[in-house]
Every structure is written in C-alpha cells, then in structure tokens.
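For reference, the chains in residue letters:
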Amino acid sequence: MSTTDSTRTDLSPELAKEKERIKADSLHRGSPNECEGEAPLRVMALHALLYCERLFYLEEVEEIRVADAAVYAGRRLHVEVAAPDDETPEQRSLEVSSDRWGLFGKVDAVRRRDGAWVAIEHKRGRCRRDDSGHPQAWPSDRIQAVAYAVLLEEGLAEPVPQARIRYHADGVTAFVEIDEAARRELDAAVQRARELRRSTQRPPVAENENLCPRCSLAPVCLPEEERLAQQVDSGEHEPPRLFPSRREEQTLHIVSPRAHLGRSGAALLLTNEDEKQKIPIEQLDSVVVHGYGQVSTQAIHLCAQHGVAVQWFTMGGKFAAGIACSPGRVQQRIRQYTGLADPAMRLDLARRLVEAKIDTQRRYVLRASRAEVAYRAWCRPRLEQMLTVLGDVPKAESVASLLGLEGTAARAYFDCLRVLIDAATAKELRPDGRNRRPPRDRFNCLLSFGYALLQSLIHRTILTVGLEPALGFYHQPRTAAPPLVLDLMELFRTLLWDIPLIGSVNRGQWNTVDDFNVTPGQVWLSDAGRRKAIGLFEQRLTESYRHPHTGQSLSYSRIVELETRLLEKEWTGCPGLFARLRLR
Ligand code: SF4
C-alpha cells in the first residue's frame, strides 16, 4: 500500500491505544503465509459475494465479466466525484493490499477526520434505510468498506475506526464502524469466498429476484429462465426480460478477393479498389472472409484484443480457419466434459435435438402447404411419415438409431420442399432432393452456402459462451467441423435458412445466370450471389421470434445464444430447458 507521510498527524490517546491493538492483532492473526498458495481476492469480489454468491462465482471462478451501462456509469462516477469540500487532506484512488487477509483493491478516497483516517466509498445508487429512516449501507457495500478500512489500517499501522459510503442518488452518507464485529464479518466473507473458489459447482440463482435486474451478468446467468422452469411446473408464467432481445454488434463479411482489411487506430480499415471504409471495432462481433480477401496482422491483433472473431471460408462456403477469443474457462470446460461424459445425458440431449429438428421441419411443411390442396396432397404421406418418426424418436436406444430416424425424416422433408417452391420459379432453381460436397444444382448450392453461414455463427457463439466446440453429444468427431457446432446447427437449419431461402426463391430474388457459376458437376455462388445470400442471412438474424419457453421476443441471433446457454444449463443444475424451440 502506498500513502504520503506528510498527511499524518499525532494520534489522540484513544487512537494511540487502538494502534497498539492493531499491532498485537497483526501478530496474533499470523503470518502472510496463512493464504499461501491461494491467489489474493479483489475486495470488489467480496462486494459481489455479498450481493449474490452466484455472481461471485461467475466473476471470480469462471472469470465472466460484463461491463454493462451501470458498471460504466459507476466508473465514471469515480472519476467525476466532486473535489474535497474543505481543506481536509484527502487521497484518491489509493491501492491497498494485505497478504495476511489475502485481499487487494483500490479505495475511492482516504481522508483525515478527528485525528484518524477514514475510508470513503462513492456509490451511484441509493442507500438502504433502517426502520426509523436512517441511512444504512447495503450489506455488499458494507463489506467492501470494512475490507478497505481494515487493509488501510494494516498498511498505515494506524487505526481506521470508521468507513463512510456516500450514496449519490439520494445525497446521503452511511457510516460503518470498524469494530470487532465488522472484522468477524470480513473474516467470514473471506472464508466463504475461498470455499466457493475451490468448488466446481455454480451456486444456485439468488432467492431474491429483485437483485437480478441490476446485475450485469443476468444475460449470462439467465436467472429468469431457471425460475421460469420452476414456475411453469407450478402453473405460473411471467415472461422474463433480462436477456437482451437484440444483438448489438454486427458481422463484417468480406466478399471481394481484392478487399484488404487493415487497422487505423481503434478501427478496422476496409479497402476495396478505391473505396475505403473505417469501422470502429466496438461495432463488430466478428469478421468473416469469403474467399481470398486479405486481413493484416495489425487488424487481427485489434480483433483479438476486442474479442472479435475472424473466420475464413472458401469461395464455395466451406469453413477454412478461424480465430476466436474463447474465454476458455477451466471450470466451465470441466463441467461440460463431466456432463457430456454421461451416455444417458448424451442420448437424452440427442433425442430432444432430433425431435426439435423434425418437429420444426414438419410444422414448416404443414404451414407452407396449407393454402394449396394439391401441395398438401403431395405432402400428406410425407408428413405422416415424419409424424411416425417423431413418435419413434423418444424410444430410440442409441445415437445410431437416431441418425437413421433423422435421415428418414430428412428425405421426406426435402421431398416436400419441391412443391413449396412457387410454380412460376425457373426450373433451374427448383429443388430435386438434397445433394452436396459439391452441390450439383442451384438450390443445393444456396442451401450449402447458408448452412456454412449458420455454422460460422454457431461456432462463434459456442466460443463466446465459453464451451468446447469439439465436445458434442450427437455428431461424431469425423469431419473438420466440431461436433457441438454440428449438433446445435440441427436446431436452426430450417428456422434460420430454409424458410428465408424458400421465401426469397418464391419472390424471384435469384438470377439463375448472374448469381451462380455453373461448372460440370458443381454449382457455386458468384460474388453477386454470395452478397445476396449473406444479406438474406443477416436480415434473418435481426428478425424476432417469440421463444416458446421464455415467452420473450428475441432476435434470431439472440435465440442462438440463448439456446447455447440453455444447453449449458443441462449440466449446471437446471436441465430440461434446451431444445424446446419450435416453429409456431
Ligand atoms: S443474475 Fe441474479 S442470480 Fe444471476 S448472478 Fe446476477 S444476481 Fe445472481
């Protein structure tokens, strides 16, 4: 800890006695080696602990930190707090630490009052009130203030008998006495924090649901989805609103082989022929290079620093390589390995995934064929076949039999797609069953390219959530695509690509000549075709969908993230929420 000796003054007899106590206390409490081997804790972590143990665990053990608007506002407040209102010596933003307590942090201000030091904290919000309306500190603010005062006391070897918390929203100050009871509270909090750090289990969501709307980690923790799961069982239903409904950043797609992506300060600079476009890095969540556009090392560094994924695809839409800053949280991965090592859990998840996929396909065909009697007549036996398969899925005893059932349903589904294309559509664009690697007709070329875009989105999302893409539960690790990516894609193929694609074909948006490059045995998208397909996919991601479990309207890009997080809940204490997604 650092401070300036020039601000010290002589102590009163009471404070001098207290100083002796601090020395004795220091000897009695033992050596710094008491916490040897354990990483020191941030004092802010104790604030999180007293707010909600799950918040502490997510931040300190899983290292998930989200700076939301409130956090930023708090930071600004610390910068903007008013200058001292008198001549009292004051130090701002003072670093304090103690090996003995295993704590470190930065106290907002330290001031001399009545011959003793006082630790001062600034808070944006309102204070708590006791029964007579007197201002009180909230428990999480109180433990933080106590910790700073105790660390300050140890560093100065002088008493710090009081801490003060200034609540700016209602302009009052709460006083916290630093007595034996306060020290015992601090000791208990430190012990509990260490206990939780050693645990591999996430604590449950806070019982007090009023805490969650102000918690920056609500979009990761998904407390309402867990509570809703219990409420649904008890018949109550209140749609949650804590998961953000829309995606805030964009994906930059680079399609032209002549494009060059460089760096200009804190922005990416896209140069294409004579055109230059500057894109602030905070507006992006990913960069996708289709074909042979160039990305400079400086641009890659900037992306890596800001957690922006960069992915390269071949001209034909095949994933070639990618970098993504996965948090790689060890505890999170251990839980995923442990959960998915259980064959029963893998089979259960695979059954639910296949059921969701076939049910969505079937619902789509039912909806799209209802207006035309002849179409429905063509689809009817295939729909019946899909229904029969759906009935067999929950009874499947192995992943191999699920793959067989999924294949049967897929053949029936792709057979139905023939009649869902408008009769006026050029025959070159009409589907005739599924073919790929390479696609041999225009429709399959479009399907494959859209699925590649979907694959890249899901891969990035899995890494953002912090899961291991290589460890899935349904697909086998046989191809270059990571199994968990392939697993999650099954939920979204129809919703995110088949439906908008068929709509665009029926609206006559594709030019059979300009949008495709046709060679013997293979069809590719031209530059113009790729741009159209990317536009269609990105547009779909912004459209809203009412999630059947949460009841919340979310953009499709958020739905992908939500389902990935719900999947993780299968092995983190709240199973049964994944793959309830269906087309309405
Ligand atoms: S969202 Fe609620 S339950 Fe989750 S960490 Fe925050 S306060 Fe705790």
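All values derive from a computational prediction rather than experimental measurement. (Residues numbered from 1 in each chain as written. Predicted model: local features only at pLDDT ≥ 70, side-chain atom pairs only at ≥ 80, totals over all residues. Heavy atoms only, no water.)

Caption draft 1: Structural context of the nonpolar core. Ile458, Phe473, Phe492, Leu496, Trp510 and Phe578 are the most contacted members of the largest nonpolar core, which totals 88 residues. Elements with a contribution of two residues or more to this core: helix 11 (343-369), helix 12 (373-392), helix 13 (399-420), helix 14 (442-465), helix 15 (483-506), strand 18 (522-525), helix 16 (527-542) and helix 17 (556-569). Element by element, the count of residues in this core is highest for helix 15, at 14 residues. Not counting chain neighbours up to four residues away, the residues in contact with Leu496 comprise Leu454, Leu457, Phe537, Arg540, Leu541, Tyr556 and Val560. Of all hydrophobic cores here, the second largest spans 52 residues; its members include Leu49, Trp117, Cys127 and Ala193. (Core = buried A, V, L, I, M, F, W, Y, C linked by side-chain atoms within 4.5 Å. Buried < 20%, exposed > 50% of the residue type's maximum accessible area, 1.4 Å probe, protein only. Helix = DSSP H or I, 4+ residues; strand = E, 2+ residues; numbered from the N terminus. Contact = heavy atoms within 4.5 Å.)

Caption draft 2: How the structure looks around the pattern of salt bridges. Tallied over the entire structure, the rule returns 34 salt bridges. Arg112 serves as the salt-bridge partner of Glu158, at 3.3 Å between the closest nitrogen and oxygen. Of this pair, Glu158 sits in the loop between helix 5 (139-156) and strand 7 (162-167) while Arg112 sits in strand 3 (residues 103-113); the two residues are 46 residues apart in sequence, bridging distant segments of the chain. Assigned by exposure class, Glu158 and Arg112 land together as buried. In this structure, Glu195 engages Arg192 in a salt bridge whose closest nitrogen and oxygen atoms are separated by 2.7 Å. With Glu195 and Arg192 both in helix 6 (residues 180-198) and three residues apart, the pair spans about one turn of that helix. Judged by its relative accessible area of 44%, Glu195 is partly exposed. (Salt bridge = Lys/Arg side-chain N within 4 Å of Asp/Glu carboxyl O.)

Caption draft 3: Region of interest: the pairing of strand 4 (residues 116-123). A large share of strand 4 lies buried, amounting to eight of its eight residues. A two-sided burial pattern is seen for strand 4, the buried positions comprising Ala116, Val118, Ile120 and His122 on one face and Trp117, Ala119, Glu121 and Lys123 on the other. Counted along the chain from strand 3 to the antiparallel partner strand 4, the turn is two residues long, and its residue Asp114 has a positive phi close to 50 degrees. The pairing of strand 4 with strand 7 spans six bridges and is parallel. The residue bridging Glu121 from the neighbouring strand is Ile165, located in strand 7. (Pairing = 2+ DSSP bridges.)

Caption draft 4: Representation of unusual backbone geometry within the structure. One non-glycine residue with positive phi stands out, namely Asp114, at about 50 degrees. A positive phi is found at Leu222, a non-glycine position, where the angle reads about 50 degrees. Looking at the secondary structure, you find Leu222 in the loop between helix 7 (218-221) and helix 8 (223-233).

Caption draft 5: Spatial organisation of a positive patch on the surface. Together, Arg367, Arg370, Arg546 and Arg584 line one region of the surface with positive charge. With respect to the helices, strands and loops of the structure, Arg584 is situated in the segment after helix 17. (Patch = residues over 30% accessible without salt bridge, like charges linked within 9 Å, V, L, I, M, F, W, Y side chains within 5 Å. Areas by Shrake-Rupley, 256 points an atom, 1.4 Å probe, with all protein chains shown as cover. Lys, Arg positive; Asp, Glu negative; His and termini not counted. Charge placed at Lys NZ, Arg CZ, Asp CG, Glu CD.)

Caption draft 6: Molecular detail of the packing of helix 14 against helix 16. The N-to-C vectors of helix 14 and helix 16 enclose an angle of 50 degrees; their axes lie 10 Å apart at closest approach. One element, helix 14, and the other, helix 16, form an angle in the oblique class. You can see that helix 14 and helix 16 cross each other, and the crossing is right-handed. On helix 16, the residues touching Phe449, Gly450, Leu453, Leu454 and Leu457 of helix 14 are Arg530, Ala533, Ile534, Phe537 and Leu541. A breakdown of the residues in the contact of helix 14 with helix 16 according to their chemical character gives eight nonpolar, one polar and one charged. (Axes fitted to C-alpha atoms, helices over the stretch in contact; angles between N-to-C directions. Parallel < 35°, antiparallel > 145°, perpendicular 65-115°, else oblique. Left-handed = near helix turned anticlockwise from the far one by under 90°. Nonpolar A, V, L, I, M, F, W, Y, C, P; charged D, E, K, R; others polar.)

Caption draft 7: Summary view of the confidence of the model for the chain. Residues with a pLDDT of 70 or more make up 84% of the chain, whose mean pLDDT is 83. Across residues 1-11 the pLDDT falls below 50, and counting only partners more than four positions away or on other chains, this stretch makes 28 contacts in the model. Segment residues 27-33: pLDDT under 50, and eight contacts once partners within four positions in sequence are set aside and those in other chains are kept. (pLDDT = per-residue confidence, 0-100.)

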